[in-house]
Amino acid sequence: MTDQSLLNVVFVGHVDHGKSTVIGRLLGDLNALPDGKLEAVKAMCDRRGMPFEWAFLLDAFQAERDQGITIDTARIFFATDRRRYAIIDAPGHKEFLRNMVTGASGADAAVLIVDAQEGVAEQTRRHALILNLIGIRQVILVVNKMDLVGYAGDRFAAIVEEAESRLLSLGFDRSRLTAIPVAARNGDGIVAAGDKMPWYQGPTLIEALDGLDEKTAPVGLPLRLPVQDIYKFDDRRIIAGKVEAGRLSMGDELLFTPSGHRARVASIEGWPDAATGQTVEAGLSVGLQLDDDIFVERGEVASLPETPPVLADRFRARLFWLSETPLTVGRRLQLMVGTASLAVRVLSIDAVLSSEDLSRDEDREDALRHDVVEVSFEAVRPIALDAFEDSPATGRFILQDQYRVVAGGVVLRDGLTDRRGGAGVKSTNITRVIHSVPTEDRWRMNGHRSGVVWLTGLSGSGKSTLAIALEEALFRKGWQAYVLDGDNIRYGLSGDLGFSPEDRAENIRRVGEVSSLMARAGQIVITAFISPYRSDRDRARAILPDGFHEVFVDTSLAECERRDPKGLYAKARAGEIRDFTGIDAPYEAPETPELRLVTDGREVEENLRELLRYIERQFAL
Amino acid sequence: MTHLDELESRSIHILREAYARIDQLMVLWSLGKDSNVLIWLLRKAFFGHVPIPAVHVDTGKKFPEMYAFRERYKTEWNIRLVTGECPPVEEMDPSLPPAARSAARKTAGLKRLIEREGYNGIIAGIRRDEEGLRAKERVFSPRASSGEWDFRDQPPEFWDLFSAEPAPGCQMRVHPLLHWTELDIWRYIERENIPLVDLYFARDGKRYRSLGDQDITSPIVSDAATVAEIITELQTTKVAERSGRAMDHESEDAFERLRADGYM
């Protein structure tokens, strides 16, 4: 053995087409079984009065021996002169497709087994579809049980033609397909060619396996490092994660998506050695220190600034649906992509792919268990995504319902548009004007500082009431203060926006910009917006980092619903309003607001006094 | 990147996922070679720290060398050690064969300890190549509150995207070494110079290949007295790793029954 590397090969195919037999024979002929294993299985067969089967070597479960089928994926290791292999035996029975996909998604290549008598069957087609979906590109097609068709070359050719045409139509590359005739029970074509098929000049199964390409880490792709965690075990603040694509070096500037924060790599940490070197590349789990204490959290993706992932909250995907409950439009599920986890909603079911003939059914309104389906999603907030074909690790996902995995899928390039433009600057020929009257001079003139007092809380929590009362109190003191209220802004500045997550984000962005301008003009700006998403508020804070005061008007949902000043909760409960914060849209409470007002059971005056005390302390010169 | 780098990185990724997503997490430290590799990987993943308790479910019948090893490295590696005792064999299912019945004490001890400490995440160093049942395990394997394993209803696992959070009242078994082989473990021990109980190394023509309780584990015939010699031996042997573990061989399904009940 010249190399320690390991190739993971999954064996798939329709039930009873002989996967376990092919593997059992492969191990037997390679003399790769532990001493006594073969004898033990033969003795077991004698004891039970049944003929010996090569498949019994793999099917270790009692239940599988009884029923004669493979329930779950098994793993067997062996080596040739070329390299080591892990064989994944995936079940062919339809009931166990979730186990088949589990085995296949860890594989570097697949062996697809077809019965020479029966030909391409239902699970052959479905397995080919799933192999393609999860990104396996190398396939060895084994036509088994050639002994049962008299080792006939024309039968082999007919099956290969049918199977290959399906694989090619799925997008597999002809140069990465190999077809081999085999009679596993007799050992023909597995390790030795045998003399039964003189018409076949190609490789045996073992030669074809040795001819597969090594897997290669995607070092050449743009850098993708999903943040797993931030560690502060000692005086270091370490950003931990696995480099999924590309490479990263000391001193590189990193852009974190979705936050947009940037910092440089100050060190690449290691243990037991203090540092692991100057550069790390795809495949390695790493830890970094940054040169700046920016706010970064689990779920963000680090990239180089020039080649970022797409920032999107709407995307199209192809997925494999595994739940017994059908997938329908409007369904809410938990998406996990990279290390990010967030709620998504099904906007539309675009097509269900038939495993029969791979046709697209675009009229279906739901997807059933084991369907491969194309779906449009909307996420509660924008996240970092890539098309699967561009960068696999950040372009694939799972969907969870409660604690169960109900689907796995890939992001399609078609329909994936970056929202980053919306929050950034589109025009390029602009230069900021430097004012000759500094904001500090305006403070001296007014007798107080300026800034933004950002009230956030549920609808009905009392934000507007407090904002208006505060504005009046400050005005009577002779201070410059002005309220930006949610409903007022939506009549004018944001009249073109609705209440989808992206419209809410855009609304808050505009309010943040206007607040910042007014604050620079010397005003104490008081805003009263639900602003349910943490990321939106953080973006507003980023516009005026020094003068931003987040005030959490913390009123319980029950209390807000009891008050219901605009009758909106009643309408939301009755289903007349959709996407209502607290009912069917999330509210992400501030974790570290500058001030938290717990209003349940308190008079407005009491809350106002506390708020006013805070403002006077913060804004006095 | 070498094959060992790749194995190590994947294990670290799994450990970090478990740490980020499971609140009452612990690692089983049986003092054997695999669980020492596991502790080593935790220290790599968390830059020298073992941020979760290491649990030794003590049957009271381990080799004296193992207890000495535990006391030494508990201090040296700054490990928060939690030990749990096992109930007497008389309380175990009498229909199990003798060695399996003795091994079942460990499962019962683990269940008591989990109940006492309130753990909902258990990291264990099992590998797919150890034996047929373990080959079918998931990296994140959800268990009922009492630890039973329903192997007929295992969740799918797509790529390295894990459903890691245990459902309320349930526990998650985490298996960061599932993709390693016995030979990988030894090559990694050699590369990283990881200390081991010296029972693994041959004395008087015998050594232990797998360490369990004194009364149900037997040594193999071997002259391999160093890690390098063990690697050479493993490259040619065709004897199964757990051949010295009596409970694996008593009857066809004894081990399956142990695993279904929550055995590691």
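Report on the accompanying structure. (Residues numbered from 1 in each chain as written. Chains lettered and ligands numbered in written order. Predicted model: local features only at pLDDT ≥ 70, side-chain atom pairs only at ≥ 80, totals over all residues. Heavy atoms only, no water.)

A word on the sheet that holds strand β28 (residues 595-598) of chain A
Residue and element names in this part refer to chain A. Sheet architecture is open: 5 strands sit in the order β25-β26-β24-β27-β28, paired in parallel fashion. The open sheet is flanked by β25 (481-485) and β28, the only strands paired with a single partner. Strand after strand, the sheet turns through a mean of 20 degrees between neighbouring axes, direction not considered. Sheet topology note: the β25/strand β26 (residues 524-528) ladder contains 5 bridges and is parallel. Residue pairing across strands places V483 opposite I526, the latter belonging to β26. Most of the contacts of helix α10 (residues 463-477) go to β26, to which it runs at about 160 degrees, and overall it touches β24 (451-456), β25, β26, β27 (548-554) and β28. (Pairing = 2+ DSSP bridges. Helix = DSSP H or I, 4+ residues; strand = E, 2+ residues; numbered from the N terminus. Axes fitted to C-alpha atoms, helices over the stretch in contact; angles between N-to-C directions. Contact = heavy atoms within 4.5 Å.)

Brief notes about the interface of chain A and chain B
Contacts between chain A and chain B engage 69 residues on the former and 55 residues on the latter. Linking D184(B) and R84(A) is a salt bridge whose minimum nitrogen-to-oxygen distance equals 2.8 Å. Across the chain A-chain B interface, the total number found is 19 residue pairs in polar contact (both at pLDDT 80 or more). In terms of residues, the side of chain A that touches chain B owes the most to one element, strand β23 (residues 404-411) of chain A, which gives 6 residues. (Salt bridge = Lys/Arg side-chain N within 4 Å of Asp/Glu carboxyl O. Polar contact = N/O pair within 3.5 Å; in protein donor to acceptor, adjacent residues only side chain to side chain.)

Looking at the packing of aromatic side chains
Counted under the stated rule, the structure contains 28 aromatic pairs over all chains. Taken together, a centroid distance of 5.1 Å and an interplanar angle of 65 degrees make the contact between W271(A) and W40(B) edge-to-face. Of this pair, W271(A) sits in the loop between β11 (262-269) and β12 (279-281) while W40(B) sits in helix α2 (residues 33-45), each in a different chain. W40(B) matches W271(A) in its accessibility class, with the two residues each being buried. Taken together, the ring pairs connect W271(A), W40(B), F69(B), Y73(B) and W77(B) into an aromatic cluster. One cation-aromatic arrangement involves K42(A) over F52(A); the distance from NZ or CZ to the ring centre is 5.3 Å. The side chain of R490(A) reaches across the aromatic face of F499(A), ending 4.0 Å from its centre. (Phe/Tyr/Trp six-rings, centres within 6.5 Å; stacked < 30°, edge-to-face > 60°. Buried < 20%, exposed > 50% of the residue type's maximum accessible area, 1.4 Å probe, protein only. Lys NZ or Arg CZ within 6 Å of the ring centre and 35° of its normal.)

A short note on the sheet that holds strand β3 (residues 81-85) of chain B
Strand pairing in a sheet takes place through backbone hydrogen bonds and is either antiparallel or parallel in direction. Residue and element names in this part refer to chain B. On the basis of which strands lie adjacent, the open sheet formed by 6 strands has the order β3-β2-β1-β4-β6-β5 and mixed pairing. Strands with a single pairing partner mark the edges of an open sheet, and in this sheet they are β3 and β5 (140-143). In this sheet, neighbouring strand axes are inclined to one another by 30 degrees on average, regardless of whether the strands run parallel or antiparallel. The strands touched by α2 within the sheet are β1 (25-28), β2 (54-58) and β4 (121-123), with β1 carrying the most contacts at an inclination of about 140 degrees.

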